[in-house]
Amino acid sequence: MGSKRKRGTKEAGAETLPLQKRSKNDTPLTNGSAKPKAQKVLDKSPFAETPSVEERRRELNIYELLGSEDVNERINAADAIISGLLAGEGVPEPVLLRHLDKRLFRGLASGRNASRLGFSLVLTEILGQLFGEKELASEKYTGLTFEKVLDILIENTHAGGGGPGQQERDHYFGQLFGIECFVRANILFTDKSRWMTILDILLKLPQKKTWLRSQCGYVIVQAISFMKKKLAEKTLQKLAEEDFAKTPEGVGIWIAALDRFPEMKTPDETWRDPLAVTSLTDLPAVLKDSGREATSEQDGKKKQKQNQGNWTAQLHFVWDLILAHFIKLGSKADGDAAEQFSQFWAKVVDEGFFSSSSSDSQKFSGFMIFQKMLEGAATHSFIVESLFSKNLMTCLMNQASREDRYLHRAALKALKAIEVITENEPSILPTILKQLLSKQGVYNFDQRTNTKTVDKLLQCTTPSTIKSVLKILRLKDPSKSRLDETKYYQALGNYLFRLASVPSESNENVSSKSVPGLSIKALTELAYSNKAVPATIKEALRAKSTSAFAKLVRRPEDFGHLCTAILSIEIDHEEDEDETAAAVLGQAYERLNALLNPENETDVTRAPRQALALLHAVAILQFYNEDPDVMDLFDELEECYNKLASEELEEGEGIAEFLVEILLAMVARPSSLMRQVSQQVFEAFTGLMTADALNLLIQPLSADESAKGQQALFSTEDEDMHDAEDDEEDGEEGGSDEEELDSDVEIIDLEDAGSDDDQADSEDNEDDDDEEDDGEEDAVVDKDQEDLDALDTALAEVLKSHRLDKDAQAEESDGDGSDMTDSEMMAVDEKLTEIFKHRAKASNKKKEKKDAKDTVVNFKHRILDLLAIFVKKEAATANPLAFDALMPLLHLVRTTTTKALSNKACETVLNFSRALKKARSGDRQEETKEVDAAAMMKLLEELHEEASSDLSHAFAKAVSTASLAVASVLCGKKDEKTQAVFQLYARTQLRWYHGEVKIQPAFFADWLNWCQSHASVAAAAAAAAKDEKEKEKEKEKEEKK
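Below you will find a few notes about this structure. (Residues numbered from 1 in each chain as written. Predicted model: local features only at pLDDT ≥ 70, side-chain atom pairs only at ≥ 80, totals over all residues. Heavy atoms only, no water.)

Here the focus is the overall build of the protein chain. For the protein chain, the helix and strand inventory stands at 46 helices and zero strands. Counted over contacts in the protein chain with a minimum sequence separation of 6, partners at least 24 positions apart contribute 73%. Working note: accessible area of the protein chain is about 53000 Å², and carbon and sulfur atoms make up 48% of it. (Helix = DSSP H or I, 4+ residues; strand = E, 2+ residues; numbered from the N terminus. Contact = heavy atoms within 4.5 Å. Areas by Shrake-Rupley, 256 points an atom, 1.4 Å probe, with all protein chains shown as cover.)

See below:
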């Protein structure tokens, strides 16, 4: 008769009951997202009336699984129980009664794991079949009347006196869950008396325990969705008589009823609609304490029953209903939802929860309401606009600004919610940004709250919102920001800088709605073209725009944004301005526009023309930054432009040398922009490099890392440089003192200037370097000690005194020295001044030498960056010119005193070998260029001679790698050079054997490993060829047959 029905939705419904605080020993519920377990197939046969031992074990196992935390186990157990009771003809009434009485209703009072959820699922299905459409209670189970089943629930969940508090709570919650089963089974509303009986129980429960009020109210809200209009009216009348209307639960019930039956009658003694404008005078007092948990104190007086108690982090369910009501209202075309919600929020939340007289608990609840509304209505701008009200924003900024504020963490959580919602729904950014920076907020919101909220929000800007965001940031009247002019423009510059760092999207239109493109253009106009910007901060804004350019240059897809921003600069030239400079600038603009014209480029010239355009853009930027050397740069760029336009690009004669000179001048500056631009431009022109250009690039690597080297590289004429030549090899290391520089200036830590990948490669020679470092440190310590001893001696001679540890050597004095005349004291003072002047001068010279070394080392680092690009790119085509960089790199590894430089040079050699190996692979061999075998053999001989120059492990690894790279090219030509390579390695090994040279054994071990690898490949190829040949012979034999 009875059969099971799937109730997946009711399982979910059971979990929607407002949560209560769980005990510390309870295990949190899972949602089934954990690692799935293999589900055991359960026996679904009918339960026996007199169960045996095995049958009892089966029941025990199934009911154990029914209370499992795993949702799948609960559903499988529920399916087995329902099938065992009602499937087919169904079990006898005594069996069903026993399970209802002894198992199911009693299990509702259990606090074990997820028992209430599992037992509720089964009870809802059974009650639906007993008293629902099938009416099994009237046809088969006549003894199980509605009243009897309800009595079983009340009896099994009755909280008797004398039990522990937790046990009492479990029983009350069990009764509440049981009542909810009756409601969700939809069996109460065909017979009104059934519902009124349940309603009486729901109204009595809060009288016993007031902390059950919200849960009982939620069950009534669920019941509203099953009722018809008249029963709903009768229900509201009953609630009004019990003074339940003007409570948070009553508000929720009224909203649910009116949303379902807009034309229904409501009791005259209460409000018609709690959200109507006429009800807003009473509503704040009702909802003000909806964030507090009712106490367990009970009293017979209704007034005391409604008192609220402890503060809870659980938000009342009424706010979900309120949010759903206004969202539904906003979907209607003829509704005034925006105005209604604005009035509701201002009166109920802003004045009720965030007024100056509100308690901390009410403000905490207000923050939770704010998050609830923001998360639920992220796509409804009319709601979001009203959330950032005056009192709320004041409280939010005050609480977030200082850690010692009581609600500091709650305010930060609200700000974090704003960030997360904007990240998930970027279209809402303009609405939120407008509220934070204007109206009730402040323009410098991040500074006011000591957070980075606006900075993070700006990272969510998209091409569809960038124009709206810029309109909000750039105020037509700066006074509306309520900041002085300087602070406003500083804040605007910071916001535009953040926007310029937003990555471009692959499908962005460069000219119209690109986020970094429009942002960098706005920042450039602010720094250079805006006449209203105070002169005191123009320099800072220009430094910020230069830094933004440096970030853009790192992303090749943003190349056009930089050039467009430069072209947008408009500065009124003064009458007394140099006409020649203006003319040169105009010519640079013309060349830049010509280089950006796509009609003038081909596939071959595109990359060089874009690189040269980038150089022109940077030169124009330097002109506006009043760089003294920019005119020379314009002349050099003009020559490069003319050569690029007139010569065959493949020859590259002349243009490469000019470019190298320009790039070397750029990388010599401690500027991130110059470094990034130089690398981008150089990468575009590596194919045009000539031997002379490469020599120009490599030559500075041989310069001394000292004041003398700095003078040779940069033609410095500081007179103190010449005095430093005698003791330039003092072996001191370190970095220059960090000064307060603009944001584009790089501060290099020379100890960490090498790449991270170098660390593993340099571990082998760590001991040798440590010994060198120890020697240098000892020399520095000895020198410092000598200086201190000299100072002590000079002071002792002038003051006629001695150090405390020199008492035994001090001569006896006739007097104590306290009888000096005024003239003698003046003479001593002059001598002391002279002594300290000499010491200060010596200290300055020491710092100058240190700074000189740092400058040279930093310059070499930048050259190695360019060489790394050249070697990696050109080795990929086996360009013979790339091999010319090997010897200078090895020489640098051997001669430099800076470990970071050595590591970077070694890594460049290793990258060369990797790129060459990839280029000579089968699929790319056609792209490689022919090499001069004689020149390569000569280079290999030089490498073998160089291998004996240094015994450090790092150098040995680098020179071995370079030698094998050259050898692989020569052996791959399949002529007499292969034999010459083997003979050269044999001669070198024989010289090493006789002690004529000193070379690391790894040099020869690498060679043998390389030979073994090639031998294995050759053997495999020979075997494959042999197999193929045998297959052909067999095929010929078959054809003959």
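Past the structure itself, the notes keep going.
With 291 residues, the main nonpolar core has Trp195, Trp319 and Phe344 as its most contacted residues. With residues near it in sequence (within four places) discarded, Trp195 still touches Val183, Leu188, Phe189, Leu202, Ile220, Ala223, Met227, Leu231 and Thr235. (Core = buried A, V, L, I, M, F, W, Y, C linked by side-chain atoms within 4.5 Å. Buried < 20%, exposed > 50% of the residue type's maximum accessible area, 1.4 Å probe, protein only.)

Moving on to the packing of aromatic side chains. The final tally for this structure, using the stated rule, is 30 aromatic pairs. Taking the centre distance of 5.1 Å and the plane angle of 50° together, the rings of Tyr443 and Tyr488 count as tilted. With Tyr443 in the loop between helix H21 (429–437) and helix H22 (445–449) and Tyr488 in helix H25 (residues 485–500), the pair connects residues that are 45 residues apart, well separated along the chain. Take Tyr488: its relative accessible area is 1%, and that puts it in the buried class. (Phe/Tyr/Trp six-rings, centres within 6.5 Å; stacked < 30°, edge-to-face > 60°.)

So, on to the packing of helix H8 (residues 165–184) against helix H10 (residues 213–224). The interhelical angle for the contact between H8 and H10, taken along N-to-C directions, is 5°, at an axis separation of 10 Å. Comparing their axes, H10 and H8 come out roughly parallel. Facing H8, whose interface residues are Phe173, Leu176, Ile179, Glu180, Val183 and Arg184, H10 presents Gln215, Cys216, Val219, Gln222 and Ala223. The class makeup of the residues in the contact of H8 with H10 is seven nonpolar, two polar and two charged. (Axes fitted to C-alpha atoms, helices over the stretch in contact; angles between N-to-C directions. Parallel < 35°, antiparallel > 145°, perpendicular 65-115°, else oblique. Nonpolar A, V, L, I, M, F, W, Y, C, P; charged D, E, K, R; others polar.)

Along the polypeptide, Thr686 turns up in the loop between helix H33 (672–685) and helix H34 (691–698). We classify Thr686 as buried; its relative accessible area is 1%. In this view, Thr686 contacts Ile869, Phe870, Lys873 and Glu874; residues no more than four positions away in its chain are not counted.

Take the pattern of salt bridges next. Summed over the entire model, instances satisfying the criterion amount to 23 salt bridges. For Glu351, the salt bridge identified is with Lys347, shortest N-O distance 3.8 Å. One end of the pair is Glu351 and the other is Lys347, both in helix H16 (residues 337–353) and four residues apart, which spans about a single turn. Look at the salt bridges and you will find they share partners, linking Arg675, Arg862, Asp865 and Lys904 into a network. (Salt bridge = Lys/Arg side-chain N within 4 Å of Asp/Glu carboxyl O.)

As a further point, take unusual backbone geometry. Most of the time, phi is negative for any residue but glycine, and the peptide bond is trans. A positive phi angle is found at Asn113, which is not glycine, with a value near 45°. Secondary-structure assignment places Asn113 in the loop between helix H4 (93–107) and helix H5 (115–131). Phi is positive for Glu135, close to 50°, though the residue is something other than glycine. Judged by relative accessible area, Glu135 falls into the partly exposed class, the value being 42%.

Positionally, Lys229 belongs in helix H11 (residues 229–241). If we ignore the near neighbours within four places in the chain, the residues touching Lys229 are Phe261, Glu263 and Met264.

Let us now look at H25. For H25, built from 16 residues, the straight-helix expectation of 22 Å at 1.5 Å per residue is met to within 8% by its first-to-last C-alpha distance of 22 Å. The elements touched by buried residues of H25 are H21, H22, helix H23 (453–458), helix H24 (466–473), helix H26 (515–529) and helix H27 (535–553). One side-chain oxygen at the N-terminal end of H25 lies 3.2 Å from the backbone nitrogen of Thr486; it belongs to Asp484. (Expected span 1.5 Å × (residues − 1). Polar contact = N/O pair within 3.5 Å; in protein donor to acceptor, adjacent residues only side chain to side chain.)

Moving on, we come to a negative patch on the surface. Together, Asp1027, Glu1028, Glu1030, Glu1032, Glu1034, Glu1036, Glu1038 and Glu1039 make up a negatively charged patch on the protein surface. Checked against the element boundaries, Glu1036 lands in helix H46 (residues 1002–1040). Looking at Glu1036, the relative accessible area reads 46%, which means it is partly exposed. (Patch = residues over 30% accessible without salt bridge, like charges linked within 9 Å, V, L, I, M, F, W, Y side chains within 5 Å. Lys, Arg positive; Asp, Glu negative; His and termini not counted. Charge placed at Lys NZ, Arg CZ, Asp CG, Glu CD.)

A few words now on the packing of H27 against helix H28 (residues 559–567). Following both chains from N to C, one finds H27 and H28 inclined at 150°, their axes separated by 9 Å at the closest point. Compared by their axis directions, H27 and H28 come out roughly antiparallel. Where H27 abuts H28, its residues Phe549, Leu552 and Val553 lie against His561, Leu562, Ala565 and Ile566. Per-class residue counts for the contact of H27 with H28 are six nonpolar, one polar and no charged.

What follows concerns helix H30 (residues 606–624). Compared with an ideal rise of 1.5 Å per residue, which puts 19 residues at 27 Å, H30 spans 27 Å between its outermost C-alpha atoms and is within 8% of the ideal. For H30, the buried fraction is high: 16 of the 19 residues fall into the buried class. Just downstream of H30, Glu626 is the residue with a positive phi angle, here 60°.

Before going further, it helps to examine the environment of Pro516. Secondary-structure assignment places Pro516 in helix H26. Separated by 50 residues in sequence, Pro516 and Ile466 place their C-alpha atoms 9.2 Å apart.

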